[in-house]
Amino acid sequence: MRLVTACMLISSTTSLVANGFQATSPLSVRTSRVSTSSKSVATAPMSATTSSSMSYDEVNNLAFRALQSECKELGLSAVGTTAALRGRLLEHFGLAKEVALEKGAAPAVTPEEIEELCATDGITFCDESDPDFDFKSLLSDVMQKSSVGHWKSATRKLKKLNKQYSTSDRPVPREAYLAVLEACAANRNNGARACEPARKILEDMAESDYEIPVDLANSCVMNSLGEGPGGTHDQCGGIDAALAMVAAVESSPNGSSSLTDATYGRLVSTLANDGAVEEAILVLRSMVVEKLFTPPLGTFADVAKAAAKSDDHAEDVLQVLTFAKAAGYELDNIAAVEAGRDLLASGVIAAEKMDNLALGLRLLTAAAKAEGCAPDSGDDLVASSSAAAQRASTLIHKRAIQQACKDNGWKLAVKLLELMPKRGLTPATSVWRSVVSTCCKNEKSRKATAILMDWITLANEGKADKPPVNVFNTVVNTCEVCGEEDLTVKVLDLMRDTLDTEGNIITFNIALKRLAKTGNIIGCEGILIGMLNEGIEPNVVSYTTVLGACAKTKNAAMASMWLQRMSARNCSPNYHTYNTALAACLDGKLESTFIASKIASEMVDDATFELACGVKGLAKFKSTTPDTYTRFLARELMKQLRENWRSGDIDMALAKSTTRVPLLKLVDLGKELPPEVLSEIQCEIPEEEEDEQSENSEQDYEFSLLAELHKDDHRTAMV
């Protein structure tokens, strides 16, 4: 009734009320002030925007990590929620007033102002309406929409409630935020489409100092991460949304302990899979060091695998391994599970990239100690876990073996070689050869033979290439040096069965040396005949070895004959050959002295020609220039000649004028020749053929190895 009476009074005094509204009143004055202020606020940001490097829209469109990056570059704090970070940037660029203008609304008109505005004589108004009606009505709509799962409508109404009706005295209640948040979090954040509204709600709750339920916080963060680019799911949600949620939850009351290790672990794995290795390591470090979590091995493995893919992040794998140990895991036990093997495999890959051989071998050894991998071994599973792990493991073993061979550590080289097949790795031919050669250098004939037999076994199984002939030759020579005749025969039989050949020239030369050491000249001659029958032309090493047999028995006549045969086969002697032939003449007989004088004369002619025209090819095989041992032999032969004339076998004057002359020339022959001698020599040296160059290059390794192994007398046998 009073409301009807009031309406009648208002109708009868319309003109008066109209005049009252037109008159100057406190409300109109206040509205005027607001309008004026609004114009000045709208003008200020425009000038600030034109002078700043970023506009309001650009700042407002930045994602969480982009906001952090911009704050770091500008020297601002990069800690806080999305709203806090965005606010710092807007304030830095002078855009903060635009936010106030955007959020500003017409000031609410108080009941006193309405009463003052509408007051007329004789009329009294009584406002019995609820001042919180709009707030309560909209709040009821928010709760109703949330209860039926209409998260979009509920989110819009909550935003309107927060902006238009919420005040410090009348804030949005926590239950409203939770109701909308639960609607957004349903069905895995509604397929991640509700991630952004959920993020904003979490940030508003943190700003209002509302405690966020643990289950709801973890659910929102977990469900915002997907398998797509940037951790998105159907282009919704993603890493930025998850990081913003984490920041909001951690800044809320009791939020530092709200998120579980599973939530952080999912975030770390997603960061790693997206290639954000550094950020993943930072979060992982926070989990282990600050929050004292023990993440699952899969989390460590995800970060390690991502870091191992890049050369720039190889060292970061070591940090991940350190965090795993700090979390309580023992490297010697983790290979029992697949995630642990992936972590160790990533460590092996990183160790290979950093050329840290010790670390790579240590990780494989740790894998081998793990129990529960039967019937396989842990190191085998780690090395074969991926193509990259297998390649890295193979290279680590290869380099470690090469280094061990370089350091002459045959035991370590053998151990590493034996580990390779056990770990599913295939040694290259060069690796087998290096280990065999190192054993041979250390005169470990039995170990070298055992390794050769293992090599042959793998070759027969199709897991390795067959050993080349030169490896058999090296082992045979070692067996000869060590006096292992039974092993020598065994290795020769293996070579014949494996390669279906009796060997090459080096094999025959080794057999020649074996007979030469016993002085069996007839046997050496038989081997040379066998070489010719096999189509193998004896070389300077072959003839020098036969001359070694002559030197062993002091048979000067046979030495001279073999020199002649050598020349007949167009094989030129070198200084080793001449030295060995001269040594065969030191038997005290005059006839042997005559033969030595003849040999010395031939050597002087060859050496003079070489000094005048030079030597073509390797001096090791071609040079005839006398060395220190040549001069020693020449002096010994001159002493033998002196004993011959003292015993009356030859006239002293005749001996000095004939037999001794070539021997003296050998002693006096220098590195330079007199001009008159040079003028008499015509140099016609044929160019070394390509085949000969290739042969010398190939034989150089073999001959140098055999020369090092042979300890009897390197001057009498160049093998």
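Here the residue numbers are simple positions, counted from 1 along each chain's written sequence. Selection of residues for local features in this predicted model requires a pLDDT of at least 70, selection of side-chain atom pairs for listing and counting requires 80 or more, and totals for whole chains, interfaces and linings are taken over all residues. To get the side-chain values, take all heavy atoms of the structure and skip hydrogens and water.

Student: Can you help me understand helix α31 (residues 556–568) in this one?
Tutor: Think of an α-helix as turning once every 3.6 residues; residues three or four places apart then point the same way. In this text, helices come from DSSP runs of H or I with a minimum length of four residues, and strands from runs of E with a minimum of two, each type numbered from the N-terminal end. Expected span, for any helix, means 1.5 Å times one less than how many residues it has. Between its first and last C-alpha atoms α31 spans 19 Å; for 13 residues at 1.5 Å apiece the expected length is 18 Å, and the two agree. Within α31 the residues assigned to the buried category are Ala-556, Met-558, Ala-559, Ser-560, Trp-562, Leu-563 and Met-566. Contact criterion: two residues are considered in contact whenever any of their non-hydrogen atoms come within 4.5 Å of each other. Contact partners of the buried residues in α31: α29 (521–533), α30 (540–553), α32 (575–583) and α33 (590–613). Asn-570 occupies a position one or two residues after α31 and carries a positive phi of about 60°. Burial classes follow relative accessibility: with a 1.4 Å probe on protein chains only, a residue under 20% of its type's maximum area counts as buried, one over 50% as exposed, and anything between as partly exposed.

Student: What is the right way to read the packing of helix α12 (residues 195–207) against helix α14 (residues 239–251) from this model?
Tutor: Helix-helix packing: each pair is described by the crossing angle between the helix axes and the interaxial distance. Axes, fitted as lines to C-alpha atoms, cover a helix only where it is in contact. Angles between the N-to-C directions of the axes lie from 0 to 180 degrees. In the contact formed by α12 and α14, the axes pass within 8 Å of each other and the chain directions differ by 20°. Taken together, the axes of α12 and α14 lie roughly parallel to each other. For the crossing formed where α12 meets α14, the hand is left-handed. Contacts between α12 and α14 involve Cys-195, Glu-196, Ala-198, Arg-199, Leu-202, Glu-203 and Ala-206 from the first element and Ala-241, Ala-244, Met-245, Ala-248, Val-249 and Ser-251 from the second. Oblique is the label for any angle not covered by the other classes, which are roughly parallel (under 35 degrees), roughly antiparallel (over 145) and roughly perpendicular (65 to 115). Each helix crossing is assigned a hand: it is left-handed if the near helix lies turned anticlockwise from the far helix by less than a right angle, otherwise right-handed if that turn is clockwise.

Student: What is the right way to read the confidence of the model for the protein from this model?
Tutor: Detailed reading of predicted coordinates is not advised where the pLDDT is low. The pLDDT score gives, residue by residue, the confidence of the prediction method on a 0 to 100 scale. With 81% of its residues at a pLDDT of 70 or more, the protein shows a mean pLDDT of 82. Segment residues 1–51: pLDDT under 50, and 30 contacts once partners within four positions in sequence are set aside and those in other chains are kept. Counting interchain partners and residues more than four positions distant, the pLDDT-below-50 stretch residues 701–719 has 51 contacts.

Student: How should I be thinking about the side chain of Ser-146 in this particular structure?
Tutor: Position of Ser-146 relative to the elements: it lies in helix α9 (residues 133–147). The contact partners of Ser-146, leaving out residues within four places of it in the chain, are Ala-154, Ala-179, Val-180 and Ala-183.

Student: Before we go on, may I ask you to explain the environment of Leu-321 in this structure?
Tutor: Summarising the element assignment, Leu-321 is placed in helix α18 (residues 314–326). Note on Leu-321: relative accessible area 6%, which makes it buried. The sequence separation of Leu-321 and Leu-343 amounts to 22 residues, and the corresponding C-alpha distance is 7.8 Å.

Student: Would you take a moment to explain a negative patch on the surface for this structure?
Tutor: In this scheme, patches are assembled from residues that exceed 30% relative accessible area and form no salt bridge. Like charges are connected within 9 Å, while nonpolar side chains (Val, Leu, Ile, Met, Phe, Trp, Tyr) are connected within 5 Å. For the accessible areas, the method is Shrake-Rupley and the probe is 1.4 Å, while residue cover comes only from the protein chains on display. When a carboxyl oxygen of Asp or Glu lies within 4 Å of a side-chain nitrogen of Lys or Arg, that pair is called a salt bridge. Asp and Glu are treated as the negative residues and Lys and Arg as the positive ones, with His and the ends of the chain left uncounted. Where a charge lies is defined by one atom per residue type, namely NZ (Lys), CZ (Arg), CG (Asp) and CD (Glu). A contiguous patch of negative charge on the surface is contributed by Asp-497, Asp-500, Glu-502 and Glu-534. Relative to the helices and strands, Asp-497 resides in helix α27 (residues 485–499).

Student: Can you walk me through the nonpolar core in this structure?
Tutor: A general tendency of soluble globular proteins is for nonpolar side chains to be buried together. Judged by nonpolar contacts, the single largest core of 187 residues is most densely connected at Phe-300, Leu-343, Ile-401, Val-435 and Trp-562. Considering each element in turn, this core owes the most residues, nine residues, to α14. With residues up to four places along the chain from it excluded, the contact list for Val-435 reads Ile-401, Cys-405, Ala-413, Val-414, Leu-417 and Ile-451. Of all hydrophobic cores here, the second largest spans five residues; its members include Leu-590, Leu-641, Trp-645 and Ile-650. By nonpolar core we mean a set of buried residues, namely Ala, Val, Leu, Ile, Met, Phe, Trp, Tyr and Cys, connected to one another through side-chain atoms within 4.5 Å.

Student: Could you clarify how one ought to interpret the environment of Asn-470 in this entry?
Tutor: Topologically, Asn-470 is positioned in helix α26 (residues 469–481). With a relative accessible area of 15%, Asn-470 lands in the buried category.

Student: I would appreciate a short explanation of unusual backbone geometry in the present structure.
Tutor: Backbone geometry follows two general trends: most residues other than glycine have a negative phi, and most peptide bonds adopt the trans configuration. Of note, the phi angle at Asp-355 is positive, near 60°, even though the residue is not glycine. Mapping Asp-355 onto the fold places it in the loop between α19 (338–353) and α20 (357–369). In the Ramachandran plot, Asp-500 falls in the positive-phi region, its phi being about 55° despite a non-glycine side chain. Looking at the element boundaries, Asp-500 is found in the loop between α27 and α28 (505–516).

Student: Looking at this structure, how should I read the packing of aromatic side chains?
Tutor: We describe a pair of aromatic rings using the distance from one ring centre to the other and the angle between the two ring planes. A pair of aromatic rings is counted whenever rings of Phe, Tyr or Trp (Trp by its six-membered ring) have centres within 6.5 Å, and the orientation is called stacked for planes under 30 degrees apart, edge-to-face for over 60 and tilted otherwise. In this structure the tally under the stated criterion is six aromatic pairs. Seen in terms of ring centroids, Trp-432 and Trp-455 are 5.5 Å apart; in terms of plane orientation they differ by 10°. Their pairing is stacked. Of this pair, Trp-432 sits in helix α24 (residues 429–441) while Trp-455 sits in helix α25 (residues 445–460), and the two are 23 residues apart along the sequence. By relative accessible area, Trp-432 is classed as buried at 3%. When its relative accessible area of 0% is taken as the criterion, Trp-455 is described as buried.

Student: Even after reading the chapter, I still don't get the packing of helix α13 (residues 214–223) against α14, so can you show me in this structure?
Tutor: Where α13 contacts α14, the axes come no closer than 8 Å and their chain directions differ by 160°. In terms of their interaxial angle, α13 and α14 are classed as roughly antiparallel. Remark: the crossing between α13 and α14 carries left-handed chirality. Residues Ala-217, Cys-220 and Val-221 of α13 pack against Ala-242, Met-245, Val-246 and Val-249 of α14. Note on residue classes: Ala, Val, Leu, Ile, Met, Phe, Trp, Tyr, Cys and Pro are nonpolar, Asp, Glu, Lys and Arg are charged, and everything else, Gly too, is polar. By residue class, the composition of the contact of α13 with α14 is seven nonpolar, no polar and no charged.

Student: What should I look at first to understand helix α35 (residues 628–646) in this one?
Tutor: Helix length check: α35 (19 residues) gives 27 Å between terminal C-alpha atoms against 27 Å at 1.5 Å per residue, within 8%. Where α35 is concerned, the buried positions are Tyr-629, Thr-630, Leu-633, Ala-634, Leu-637, Met-638, Gln-640, Leu-641, Asn-644 and Trp-645. Contact partners of the buried residues in α35: α32, α33 and α36 (652–668). By the criterion applied in these results, polar contacts are pairs of N or O atoms within 3.5 Å in which, for protein atoms, one can donate a hydrogen and the other can accept it, and in which residues neighboring in sequence qualify only through two side-chain atoms. You can read the cap of α35 off the contacts: a side-chain oxygen lies 3.3 Å from the backbone nitrogen of Tyr-629, and it is on Asp-627. Phi turns positive one or two residues past the end of α35, at Gly-648, with a value near 85°.

Student: Explanation requested: the pattern of salt bridges in the structure shown.
Tutor: Pairing between side chains of opposite charge can happen when their charged atoms approach one another. Tallying each qualifying case throughout the model produces 22 salt bridges. One salt bridge in this structure joins Asp-204 and Lys-200, with 2.8 Å as the shortest N-O distance. Highlighted residues: Asp-204 and Lys-200, both in helix α12, separated by four residues, approximately one helical turn. Relative accessible area serves as the criterion here: at 40%, Lys-200 is assigned to the partly exposed category. The shortest N-O distance in the salt bridge between Arg-565 and Glu-525 comes to 3.3 Å. Remark: Glu-525 occurs in helix α29 and Arg-565 occurs in helix α31; sequence separation between them is 40 residues. In this structure, a network of salt bridges that share partners links the residues Glu-352, Asp-355, Arg-391 and Arg-399.

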